[in-house]
Structure formats: C-alpha cells, structure tokens
Amino acid sequence: MRSVKILSLSFLLFITGSLAFAGSNSYIKITSPEPDEYQYAYNDSLKNYKVTITGSVSADCVSIRALWSPVSFKVLEEYLVNRKKNPGEDSYIDDFVLKQYKKGERSFIYNVSGGLDNLQYGSNYYKFVASFSDGSIKICDFQMFVYNGGAAEKGKPVIYLYPETEQKISVKVEPKGGVTKSIPEYKNGWNVTATPESIITNLSDKEEYPYLFWESDDDSAETDMTSGFVVETKKLQSFFEEKLALLGLNEIEIKDFTEFWVPELQGKKYVFITFYSQQRIDEEAPLTVKPAPDTVIRVFFDHKKLDKKIKVTPQKLSAPERKGFTVVEWGGKRYK
C-alpha cells in the first residue's frame, strides 16, 4: 500500500475546527462510471482488474486528493477530520495526490486496481478532495462493489423444524432472487411432516431429511463493514461456536454450519464477518410456516476475506428463548 501523505493546512484548511468549503461556483463531481454500473462488477483476478474513475472540477481547482477505504465513508471522514499522519496497520486507507492533474484543468482521472492497492473485493469507498484557489475545499464521494469471481448467492440456507409433537407443516420461503436450488424439490413450497427432533419427511417423495435446503441468487447491497467481527481464519471454528450459540443455535446446528462454512472461508489470514438483523433477513427472504411456530431463529451472515486486520465495532448478538414449536434457519452470502 502506498505510504500515507501527511495532511497539511495548505491542502485542508481548518477554520475554528471546521472545514472551509468553496463558493457556490466551485465544484468537483464524478462523471464516470455511473455508480450502478460498477456496483456489482464481477472479477476473478483482482490484481489485473482496473477501473478508471473520471471526474470534472471548476477552473479554480488547484489540486485533488483521492482517499480510499474498503471499510466505510465514516472511516475516511474521521481520517480527514482527525488529520492522522498514519492510519496504522489496523485500518485500510490510501491517501494519494493526483499527480497528473494540473492546476486549472477541468477534468481528472483516477485509476483503481488490486495491483495499485486501492481496490479490494467487496465494498470500496472513495472521497475526492478538491482544493481551490481561495484555500477552501469541496469533497465528492464514490462507491463501488466488486464480487470475488462472479455473482453472489444466499449460500446453503437450511431450515430445521422442531414441533412439540409430530405433525404436518407447510413451509414457504420467497427470496428476492428466487429459489435456485432446493432439497427436497421446492415446487411452490414444501409440505412435510416433522418430529420434535427435526426428522422431516417430504410428503411428495416420502424421503426423510434433517432439514430443508435452499439457495438463491443474491444481488443485495453490501453490508457496512463498520460493525461485525474480524477473525483469524484459523480461529473460525471457535468463533462460530461462540457466536452461533449466542444467536440461539444448538450443538447439532452449529456443527452443520461449521462443517460447511469454515472450509468456505479459507484463503486469507483474516475474515470480516457480520450478521444480518432479523429485519433484513425477513425482508430479503420472507419465510412462512404453517402452523405458525412459537419461536423463529434466522441466522445469516456476510463476510470479506482480509490480508490484515481492520477496526470494526463489535456486534451485539442475542436470540429469543427457544420454546414451543421452534423453527431455526442458518445461511450466508457466498461469492461464486
């Protein structure tokens, strides 16, 4: 990663502790690409993947800085306000003066790439800081998202059914991306019988299953990386055993989860993990169970593999008490 430039008063003018902004005729803006165009870009070789961001400025611009972080705009804002000389190894921040830009020019370009250390898989946040001839500044933001090797999917969500007595149950899940895979066959929902131990018999083929499996395409917006956990890959097993218990999963469910997801998350030294709220899960994949259960626990997570640690706010995790007819589901966002 490039060395971080020291912020100076010649670049960033602070008056009584606040930023001084340029007049109404001064401006900086991004002209291409359109945010939606690259929000879900796909790439399987990040080092060789390059995007040129193009912008325009008013004629009174004298210099431009580009700041990048894969964490959030908030991290960049705090960096600007606090004028830290070095963000340290626990934060990803690149602070670069656009050397090709010359005073008075009306346009600028900024190349981003894995090979330039200003682009990563997942979310990428950019702030462009223009300094003007009167010593004031204006800032514009740009954000894009790069998937690791292709589209994402809701990876292996599985549903356990624990009625108090054996009974017939109908289950319907309606993810925004549609059900792309399922076991047993989904058709227009599942009609099954289930025991208190979640031994599920599909009524159409009379086969037994420990849970209902489904997958879906997932083009949902990326998760803000300011809240979650950064875990050493070698410690994922113990991490999930602890956190999933807090989220209400039992030993069998945790074992099933880790057998699938721990191998999936290998590849780098660290992994950022964040768990979705119940509200978000319900909005992205409404679940209907009849008869209505007494307790529903749905666990879904997103992640990003990392070479180094980043600072994030730890999530507070909790779960409802398991009582009566209980339905449990777990899954995660999987990048193809």
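Further up the page is the structure itself.
Just so we're clear, the structure is a prediction, and the values are computed from it rather than from any experiment.

A. Quick peek at helix H3 (residues 236–246). Residues of H3 that are buried: Leu236, Phe239, Phe240, Lys243 and Leu244. Along the long axis of H3, the arc covered by the buried residues comes to 110°, so they all point the same way. The elements touched by buried residues of H3 are strand S18 (227–232), helix H4 (251–264), strand S19 (270–275) and strand S21 (295–306). Gly248, located one to two residues past H3, shows a positive phi value of around 105°.

B. Quick peek at the packing of aromatic side chains. Within the structure shown, the criterion is met by 20 aromatic pairs. Ring geometry for Tyr110 and Tyr126: centres 6.2 Å apart, planes at 75°, overall edge-to-face. Placement of Tyr110 in strand S8 (residues 107–113) and of Tyr126 in strand S9 (residues 122–132) is noted, with a sequence separation of 16 residues between them. For Tyr110, a relative accessible area of 3% corresponds to the buried category. Linked through ring pairs, Phe229, Phe239, Phe240, Phe257, Phe260, Trp261, Phe275, Phe301 and Trp330 together constitute an aromatic cluster. Over the face of the ring belonging to Tyr276 we find Arg280, whose NZ or CZ atom lies 3.9 Å from the ring centre.

C. Just the pattern of salt bridges, in detail. Considering all chains together, one arrives at 15 salt bridges under this definition. The residue Arg65 makes a salt bridge to Asp95 at a minimum N-O spacing of 2.8 Å. Of the two residues, Arg65 sits in strand S6 (residues 61–69) while Asp95 sits in strand S7 (residues 94–97), which places them 30 residues apart along the sequence. You'll find Arg65 and Asp95 in the same group, each marked buried. Among the ionic pairs, Arg298 bridges to Asp282, the shortest N-O distance being 2.9 Å. Note that Arg298 is positioned in strand S21 and Asp282 in helix H5 (residues 278–284), a separation of 16 residues in sequence. Among the residues examined, Arg298 registers a relative accessible area of 3% and is labelled buried. Relative accessible area serves as the criterion here: at 38%, Asp282 is assigned to the partly exposed category. Salt bridges here are not isolated pairs; linked through shared partners, they connect Lys181, Glu215, Glu264 and Arg334.

Reading the values: rules and limits
- Residues numbered from 1 in each chain as written.
- Predicted model: local features only at pLDDT ≥ 70, side-chain atom pairs only at ≥ 80, totals over all residues.
- Heavy atoms only, no water.
- Buried < 20%, exposed > 50% of the residue type's maximum accessible area, 1.4 Å probe, protein only.
- Helix = DSSP H or I, 4+ residues; strand = E, 2+ residues; numbered from the N terminus.
- Arc of directions from axis to C-beta.
- Contact = heavy atoms within 4.5 Å.
- Phe/Tyr/Trp six-rings, centres within 6.5 Å; stacked < 30°, edge-to-face > 60°.
- Lys NZ or Arg CZ within 6 Å of the ring centre and 35° of its normal.
- Salt bridge = Lys/Arg side-chain N within 4 Å of Asp/Glu carboxyl O.

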